[in-house]
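# Observations on the three-dimensional arrangement
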Amino acid sequence: MKIRPHHLLCIQKYTGHGYDAAFTAHMTALVSGLSDRPQTRVTLTKGCDALCLACPHNIDGVCTSLEKVDKMDAAVLNACGLSYGISAPWEQLARRAKKQIFMTGKEETVCSGCQWFSLCRETETTYEP
Ligand code: SF4
Ligand code: SF4
């Protein structure tokens, strides 16, 4: 499964809220699938990914907030010591992102431009580092 780096965070913080009904249904299924199968192979991808597929902000394969999300992706890679193209089990990448970002408070800068920030701040993640 292709996942863009900052979605390592968003998937862990998901509480059922999304951009519209189709996106939320898709994300609910994706998050549930990764929870049921944490060994799912994930490849860190530049650009639209498995989650973006059903997003209303995905126009012909390009995010309408490209500059903002590219910056978040780069910040996640930098904080986690990861790079595009790396493949690993979902659980391993999720734990790394939790340890390097949520447990160090780096989401305060990584996520600061996101509309969901106040909601995610109050959401506990389930993956242990
Ligand atoms: S604040 Fe935004 S970027 Fe950060 S985890 Fe939540 S939804 Fe993802
Ligand atoms: S807002 Fe952009 S990065 Fe986020 S899910 Fe939609 S298309 Fe993907």
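The notes below deal with the structure included here.

## As for the site of ligand 1
- The immediate surroundings of ligand 1 are formed by His-6, Leu-9, Cys-10, Met-72, Cys-111, Cys-114, Trp-116, Phe-117 and Cys-120.
- Of all the elements in the fold, those that place two or more residues in the shell around ligand 1 are helix 1 (7-13) and helix 6 (117-121).
- Per-class residue counts for the shell around ligand 1 are eight nonpolar, one polar and no charged.

## As for the nonpolar core
- With 31 residues, the main nonpolar core has Leu-8, Leu-9, Ile-11 and Trp-90 as its most contacted residues.
- Residue assignment for this core shows that the elements contributing at least two residues are helix 1, helix 2 (21-36), strand 2 (41-44), helix 3 (66-80) and helix 4 (90-102).
- Counting residues per element, this core draws most heavily on helix 4, which supplies six residues.
- When neighbours within four sequence positions are excluded, Leu-9 is seen to be in contact with Val-76, Ala-97, Ile-101, Phe-102, Val-110 and Cys-111.

## Thoughts on helix 3
- Its 15 residues place the ends of helix 3 21 Å apart at the C-alpha level, agreeing with the 21 Å of an ideal helix rising 1.5 Å per residue.
- Taken as a whole, helix 3 has its buried residues at Val-69, Met-72, Asp-73, Val-76, Leu-77, Ala-79 and Cys-80.
- Buried positions along helix 3 lie against helix 1, strand 2, strand 4 (62-63), helix 4 and helix 5 (107-110).
- Just past helix 3, the residue Gly-81 takes up positive phi, approximately 65°.

Rules behind the numbers
Residues numbered from 1 in each chain as written. Chains lettered and ligands numbered in written order. Predicted model: local features only at pLDDT ≥ 70, side-chain atom pairs only at ≥ 80, totals over all residues. Heavy atoms only, no water. Near = heavy atom within 4 Å. Helix = DSSP H or I, 4+ residues; strand = E, 2+ residues; numbered from the N terminus. Nonpolar A, V, L, I, M, F, W, Y, C, P; charged D, E, K, R; others polar. Core = buried A, V, L, I, M, F, W, Y, C linked by side-chain atoms within 4.5 Å. Buried < 20%, exposed > 50% of the residue type's maximum accessible area, 1.4 Å probe, protein only. Contact = heavy atoms within 4.5 Å. Expected span 1.5 Å × (residues − 1).

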